[in-house]
Amino acid sequence: MAEERSLPDADKTAGLTGEGLSLIYLRLCSFGGYNAGIGYWGLGRDRCGFGDTLAARGEVVGLSRSGDGLDVTDEASVARVLGGVSGPFDLVMIATGALGVPEKSLRALSGQAMLAQFAVNAVGPALIIKHLLPLLPKDRETRVGVLSARVGSIGDNALGGWYSYRAAKAALNQVVHTAAIEVARSHPLAVLACLHPGKVATSFTAGYPGEKDAPGLSAARLLAVLDGLSPAESGRFYDYAGKIVAW
Ligand SMILES: NC(=O)c1ccc[n+]([C@@H]2O[C@H](COP(=O)([O-])OP(=O)(O)OC[C@H]3O[C@@H](n4cnc5c(N)ncnc54)[C@H](OP(=O)(O)O)[C@@H]3O)[C@@H](O)[C@H]2O)c1
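Now for a quick tour of the structure. (Residues numbered from 1 in each chain as written. Predicted model: local features only at pLDDT ≥ 70, side-chain atom pairs only at ≥ 80, totals over all residues.)

1. Concerning the overall build of the protein chain
Check the secondary structure of the protein chain and you find seven helices and six strands. When the helices and strands of the protein chain are placed in sequence order, the string is α-β-α-β-α-α-β-α-β-α-β-α-β. Here the protein chain holds 247 residues, and the buried ones make up 46% of them. Sequence-distant contacts, at least 24 apart, represent 70% of the contacts inside the protein chain between residues at least 6 apart. (Helix = DSSP H or I, 4+ residues; strand = E, 2+ residues; numbered from the N terminus. Buried ≥ 20, exposed ≤ 12 C-beta atoms within 10 Å, placed from the backbone. Contact = placed C-beta atoms within 7 Å.)

2. Brief notes about the nonpolar core
Side chains that are nonpolar tend, in soluble globular proteins, to be buried together. Within the largest apolar cluster, 50 residues are counted, with the highest numbers of intra-cluster contacts made by Ile94, Val146, Val176, Leu192 and Leu195. Secondary structure elements with two or more residues in this core: helix H4 (75-83), strand E3 (91-94), helix H5 (111-132), strand E4 (142-147), helix H6 (163-186), strand E5 (190-196), helix H7 (215-227) and strand E6 (236-239). Sequence-distant contacts of leucine 195, that is, excluding residues within four places in its chain, are made with Gly145, Val146, Leu147, Ser148, Leu222, Val225, Leu226 and Tyr238. (Core = buried A, V, L, I, M, F, W, Y, C linked by C-beta atoms within 7 Å.)

3. Overview of H5
Residues that lie three or four places apart on an α-helix share one face, since the helix turns once every 3.6 residues. Its 22 residues place the ends of H5 30 Å apart at the C-alpha level, agreeing with the 32 Å of an ideal helix rising 1.5 Å per residue. Largest kink in H5: about 35°, centred on alanine 119. Buried residues belonging to H5 abut H4, E3, E4 and H6. (Expected span 1.5 Å × (residues − 1). Bend = angle between axes of the 7 residues up to and from the residue.)

4. Section: the environment of lysine 169
With respect to the secondary-structure elements, lysine 169 resides in helix H6. In this structure lysine 169 comes out as buried when scored by C-beta crowding, with 26 C-beta atoms within 10 Å. Through-space distance from the C-alpha of lysine 169 to that of glycine 97 is 9.5 Å; in sequence the pair is 72 residues apart.

5. Things to note about the sheet that holds E6
The strand order across the open sheet formed by four strands is E3-E4-E5-E6, and the pairing between neighbours is parallel. For this open sheet the edge positions go to E3 and E6, each flanked by a neighbour on one side alone. Mean inter-strand twist for the sheet, computed between neighbouring axes without regard to direction, equals 25°. Examined bridge by bridge, E5 and E6 share four bridges and lie parallel to one another. Within the sheet, the bridge partner assigned to alanine 193 lies in E6 and is arginine 236. (Pairing = 2+ DSSP bridges. Axes fitted to C-alpha atoms, helices over the stretch in contact; angles between N-to-C directions.)

6. Brief notes about the packing of H4 against H5
Where H4 meets H5, the axes come as close as 10 Å, and the angle between the chain directions of the two elements is 35°. For the pair H4 and H5, the sense of crossing is right-handed. Contacts between H4 and H5 involve Glu75, Val78, Ala79 and Leu82 from the first element and Leu127, Ile128, His131 and Leu132 from the second. Among the residues making up the contact of H4 with H5, the classes are represented as six nonpolar, one polar and one charged. (Left-handed = near helix turned anticlockwise from the far one by under 90°. Nonpolar A, V, L, I, M, F, W, Y, C, P; charged D, E, K, R; others polar.)

7. Quick word on the environment of aspartate 156
Note that aspartate 156 resides in the loop between E4 and H6. The spacing of aspartate 156 and alanine 246 is 90 residues in sequence and 6.5 Å in space, taken between C-alpha atoms. In contact with aspartate 156, not counting residues within four places along its chain, are Arg150, Val245 and Ala246.

8. Focus on H4
Turning to H4, its buried residues number three or more, namely Val78, Val81 and Leu82. With its buried residues spanning 90° around the axis, H4 presents them on a single face. Seen from the open side of H4, the exposed residues pointing more than 90 degrees away from its buried face are Ala76 and Gly83. In this structure, the buried residues of H4 make contact with helix H3 (65-68) and H5. (Arc of directions from axis to C-beta.)

9. Concerning the packing of H5 against H6
Close contact between H5 and H6 brings their axes to 8 Å; oriented N to C, the two are set at 20°. The orientation of H5 relative to H6 falls into the category roughly parallel. Along this stretch, H5 crosses H6, giving a crossing that reads as right-handed. Contacts between H5 and H6 involve Ala113, Met114, Gln117, Phe118, Asn121, Ala122, Pro125, Ala126 and Ile129 from the former and Ser164, Tyr165, Ala168, Lys169, Ala171, Leu172, Val175 and Ala179 from the latter. Residues that form the contact of H5 with H6 fall into these classes: 13 nonpolar, three polar and one charged. (Parallel < 35°, antiparallel > 145°, perpendicular 65-115°, else oblique.)

This is the structure in structure tokens:
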């Protein structure tokens, strides 16, 4: 029988300092209670200290562009960095991404800027998932969370604007949904999910006013949502509260 799962709660992580949701991109962290251990794979800055919290429970390794030369838009780089680690991983967070300069109107569209958005927000995570597959266990539950954004939801789009970012995240959602179908054939206990983190105080939102959640709080919520998903719930789009987001 599986032991009780222990996750960092919001209170515990909200007070941590630093920035970037990338703090949750850690790997191979054995949580108390998980008999198989649980892994968080880092693809970001990890400056928050959440990594330290998790490290107290097991092995934690973060991967990033600055630290490991991982450029998700360059498949050779993805293959090299992911080929240099050994699995299997029980939990992976892919939380790279960039906002660019969101367009307010069609007049502001630039083909080059749009392609750059697709490269970093859709193609990048797709390449990560491709090269991640050999590192996922087939004989036990494994979870892969991919940070998307609610603005990538077509059904939720009532305001318009932000063409490139919206479209790139919508493409990402399709990639994750499609990958979930394929991965389920070889890894029946796998969960892949698109996750919306909420509005979070990171460099990403620095230029935007309004209330923002602390990265640690958002990270804890996302981990709890991902942890609560079963293989039957794979391939969907969830927000930080665990609610389904419309495609
Ligand atoms: N913050 C929010 O309110 C919010 C809301 C909705 C969705 N999101 C999503 O959440 C995710 C994380 O955003 P964040 O707020 O944590 O932003 P962030 O602090 O800017 O982190 C983005 C991370 O992506 C990495 N990255 C960017 N381009 C990369 C590339 N080509 N190769 C490898 N790594 C790359 C950055 O690495 P470097 O450190 O090397 O630059 C950074 O660690 C994004 O997918 C974003 O779309 C955020």
